[in-house]
Amino acid sequence: MARDYAARCPVSPVRNTWLVAAAILLVAQGIGAQKVRVEEELEAYPDKSVDLTCEFVDGGGRTKLTQVSWIWEPIDGQRDNIAVFHPIYGQSFPNLSFKDRVVFLYRTLENPSIRISNLKMSDAGRYTCEYATYPSGNEQGTTTLIMLAKPKNSANVVTVQAGPNSVVVAQCEAAEGKPAATIKWLASVGGNHSTSTTNGPDGTVTVRSEYRLVPTPADNGREVTCMVDQRTQERPWVSQVKLSVEYPPSVSIEGYDNNWYVGRSDAVLLCLATGNPTPTTVTWTTASGALPDTVVVSGNKLTVRKVDDAVNTTFTCEVKNKHGASSHQITTFVIEALEDPSSAGVVAGAVIGSLLALLLVVALVAVLLTRSRRQQRRGYPSSGDSIATGSGGSNGGDYGNKARLLFSGTGNSSNKNGTGANNNGPIYTYREGCDATGTLTEKANDYHHHHLHHASIGNPPSAHDILLSGDEAERRKFDLDDSMEEEYDRFGGGNMIPPAYHVHRAHGGEEEMDVYLDDDMESQRDGSVISRTAIYV
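From a predicted model like this one, the values you see are computed outputs, not experimental measurements.

Moving on, we get to the overall build of the protein. Within the protein, the regular secondary structure consists of eight helices and 33 strands. Out of the 537 residues belonging to the protein, those deemed buried represent 33%. Here the analysis covers contacts within the protein between residues at least 6 apart in sequence; of these, 59% occur between residues at least 24 apart. Of the roughly 32500 Å² of accessible surface on the protein, a fraction of 52% belongs to carbon and sulfur atoms.

The structure is reproduced here in structure tokens:
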């Protein structure tokens, strides 16, 4: 049947040739892969070193090794031997660029590994370990060396002047890196950025990014952040940049408090300026040009040692930087000093204390006057009255009872008849009660009944003897007229002196007594009437 199948489906000569070639190639690759063992890819950094391993594996031991060579094939260039080892003739390094940088680690044909030191970015490429064998011919294995470079990162500010155009205010760069880095910006100032790359001769790449905006004075000192990310870095590189925007100065004057009075010392004005760069020139002038003699200037500080009319003027402060000049002015007014400010607190305290003391005295006087007036209305004795003794003390409800003896003439003067003292006339006593009314009582003179022995001797009895007599003949009562009370109220309860009151006898009497009372009685401030010749007991 096999013959029949072969006869029916003959194999094409071309197809047979392709199958033979493929089989031979697979066998050759299998044998090569099994005999020369190397690493497929390595990464290295400039100025570092790298070990390229190579090992010949002969399973049957029938292959004879005669020589081994390392061949470098750059990315852009031709193949070139950099190291050769022969068991008899030793080692050699034909390429001068690798001389003194390449060494064999073991110096054997079975393991001809090498080490390359002080690597350069140009060392990147394909390194082939190739054996010369017998009887199979040459056997080889290839390692690709990838050179990596950490970029040199930097960020810097670009000093600009405030203006209406968009300009570069910050730059960020990742120089000579491999592979190429990526750059990002983090900012809140509202700008934008652009990025460019430059390839180096050794395979490195430099990436530059610029941040742009329309600068204003408010942007000065604000921060923008540059972030660089690259394969060789464990984490992104970050740098913050403070913008530098230059602008002309802006000026203001502070310190004037509208209280420059004559004689005030050390009044100060401060010239405050903002600008970039910082203004260094500060000039003070007045409306007349020159500063008064009492003014001292130290930088941006103006001090008036003693305020007088000379500083009643306008002060101007001017500052400059390289972008221009700016000025500001203030007008100061000098006022008259009413009092020493240092003693103002003491004076105020003294005035307040005096007012409080005065109010206290006024209140005390008012209380005393009110109390005295109430006592007078109720019939209480004033400070000048005497408390009556004798019969007045027996009246339990009476206060300030007064007993007055009323005579028709003086004690030692003769009467109109020329008969001497009037010892036989009636004795009048006035008694005050607690109801603010008084009673005028006529007391009979009982001199003839009880004191005849005095008459025989010729000595008239005294008022004291008359008062002490135990037997009173009669008591005549005199009532104050009701009009007295009305007059008392009309004249303020005794604060004003009312006119003299006329006392009328209750039970009739002689014409002489009426005349006597009219001439002799005197009204008092408390509303009572007394005789000018009254005797108080």
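So, about the packing of aromatic side chains. In the structure shown here, the tally under the stated rule is eight aromatic pairs. A ring pair is formed by Phe85 and Phe104, whose centres lie 5.7 Å apart and whose planes are at 55 degrees; its orientation type is tilted. Within this pair, whereas Phe85 is found in strand β6 (residues 80–86), its partner Phe104 is found in strand β8 (residues 102–104), the two being separated by 19 residues in sequence. An angle of 35 degrees between the planes, with centres 6.2 Å apart, marks the rings of Phe93 and Phe104 as tilted. You can see Phe93 sitting in the loop between β7 (90–92) and β8 and its partner Phe104 sitting in strand β8, a full 11 residues away along the chain. Through pairs of rings, three or more aromatic residues link up here, namely Trp72, Phe98 and Tyr127. For Arg101, the ring lying beneath its charged end belongs to Phe98, and the centroid distance is 5.0 Å.

Attention now goes to the sheet that holds strand β14 (residues 167–177). With respect to topology, four strands assemble into an open sheet ordered β12-β14-β17-β16, the strand pairing being antiparallel. Strands with a single pairing partner mark the edges of an open sheet, and in this sheet they are β12 (152–157) and β16 (192–199). Neighbouring strand axes in the sheet, compared pairwise and without regard to direction, differ in orientation by 15 degrees on average. Summarising the sheet, β16 and strand β17 (residues 205–213) pair through eight bridges and their orientation is antiparallel. Bridge pairing in β17 links His193 to Tyr211.

Another point: the environment of Asn276. Structurally, Asn276 is set in strand β22 (residues 265–276). Residues Asn276 and Tyr247, 29 residues apart in the sequence, show an inter-C-alpha distance of 5.4 Å. Residues within four places of Asn276 in sequence aside, it is in contact with Asn220, Ser244, Val245, Glu246, Tyr247, Asn321 and His323. A polar atom in the side chain of Asn276 sits 3.2 Å from the side chain of Asn220. In this structure the side chain of Asn276 is engaged in a polar contact, spanning 2.9 Å, whose partner is the backbone oxygen of Val245.

Once their charged atoms are close, side chains differing in charge can pair, the charge on each being opposite to the other. Under the counting rule described, the total for this entry stands at nine salt bridges. Salt-bridge contacts for Glu73 lead to Arg126; the nearest nitrogen and oxygen are separated by 3.7 Å. Here Glu73, found in strand β5 (residues 64–74), pairs with Arg126, found in strand β10 (residues 125–134); they are 53 residues apart in sequence, far enough to count as distant. Take Glu73: its relative accessible area is 26%, and that puts it in the partly exposed class.

On to the environment of Phe315. Within the secondary structure, Phe315 is located in strand β26 (residues 314–321). A C-alpha to C-alpha distance of 8.5 Å links Phe315 and His328, two positions 13 residues apart in sequence.

So, about the side chain of Thr314. Looking at where Thr314 falls in the secondary structure, it is placed in strand β26. When its relative accessible area of 17% is taken as the criterion, Thr314 is described as buried. At a separation of 2.9 Å, a polar atom in the side chain of Thr314 contacts the side chain of Thr331. Other than its neighbours up to four places away in sequence, Thr314 contacts Thr285, Thr286, Ala287, Gln329, Ile330 and Thr331.

On to a nonpolar patch on the surface, then. Taken together, the side chains of Val103, Leu105 and Tyr106 define a hydrophobic patch exposed on the protein surface, amounting to about 270 Å² of accessible area. Accessibility expressed as a relative area gives 52% for Tyr106, which makes it exposed.

Attention shifts here to the sheet that holds β7. The strand order across the open sheet built from six strands is β2-β11-β10-β5-β6-β7, with neighbouring strands paired in mixed fashion. At either margin of the open sheet sits one strand with a lone partner, and together these are β2 (41–44) and β7. When the angles between neighbouring strand axes are averaged without regard to direction, this sheet yields 20 degrees. The pairing of β10 with strand β11 (residues 137–147) spans nine bridges and is antiparallel. By the bridge assignment for β11, Ala132 is matched with Asn138.

Let's shift gears to the nonpolar core. Core analysis: the largest hydrophobic core is formed by 29 residues, its most contacted members being Trp70, Ile116 and Tyr127. Tallying contributions element by element places β5 first for this core, with four residues. Judged by nonpolar contacts, the second largest core, of 19 residues, contains Cys172, Trp185, Val189 and Cys226.

The residue Val50 is located in strand β3 (residues 50–52) in this model. Separated by 67 residues in the primary sequence, Val50 and Ser117 have C-alpha atoms spaced 6.7 Å apart. Excluding residues within four positions of it along the chain, Val50 makes contact with Leu42, Ala44, Ile114, Arg115, Ile116, Leu119 and Leu145.

Here the focus is unusual backbone geometry. Tyr134 connects to Pro135 through a cis peptide bond whose omega is 10 degrees. Put simply, Lys178 and Pro179 share a cis peptide bond, and its omega is 0 degrees. The phi dihedral of Asn258 falls on the positive side, at around 60 degrees, and the residue is not glycine. Counting through the fold element by element, Asn258 comes out in the loop between β20 (245–254) and β21 (260–261). The phi dihedral of Asp266 is positive, around 55 degrees, even though this residue is not glycine. Within the secondary structure, Asp266 sits in strand β22. Judged by relative accessible area, which is 52%, Asp266 ranks as exposed.

Parameters and conventions
Residues numbered from 1 in each chain as written. Predicted model: local features only at pLDDT ≥ 70, side-chain atom pairs only at ≥ 80, totals over all residues. Heavy atoms only, no water. Helix = DSSP H or I, 4+ residues; strand = E, 2+ residues; numbered from the N terminus. Buried < 20%, exposed > 50% of the residue type's maximum accessible area, 1.4 Å probe, protein only. Contact = heavy atoms within 4.5 Å. Areas by Shrake-Rupley, 256 points an atom, 1.4 Å probe, with all protein chains shown as cover. Phe/Tyr/Trp six-rings, centres within 6.5 Å; stacked < 30°, edge-to-face > 60°. Lys NZ or Arg CZ within 6 Å of the ring centre and 35° of its normal. Pairing = 2+ DSSP bridges. Axes fitted to C-alpha atoms, helices over the stretch in contact; angles between N-to-C directions. Polar contact = N/O pair within 3.5 Å; in protein donor to acceptor, adjacent residues only side chain to side chain. Salt bridge = Lys/Arg side-chain N within 4 Å of Asp/Glu carboxyl O. Patch = residues over 30% accessible without salt bridge, like charges linked within 9 Å, V, L, I, M, F, W, Y side chains within 5 Å. Core = buried A, V, L, I, M, F, W, Y, C linked by side-chain atoms within 4.5 Å.

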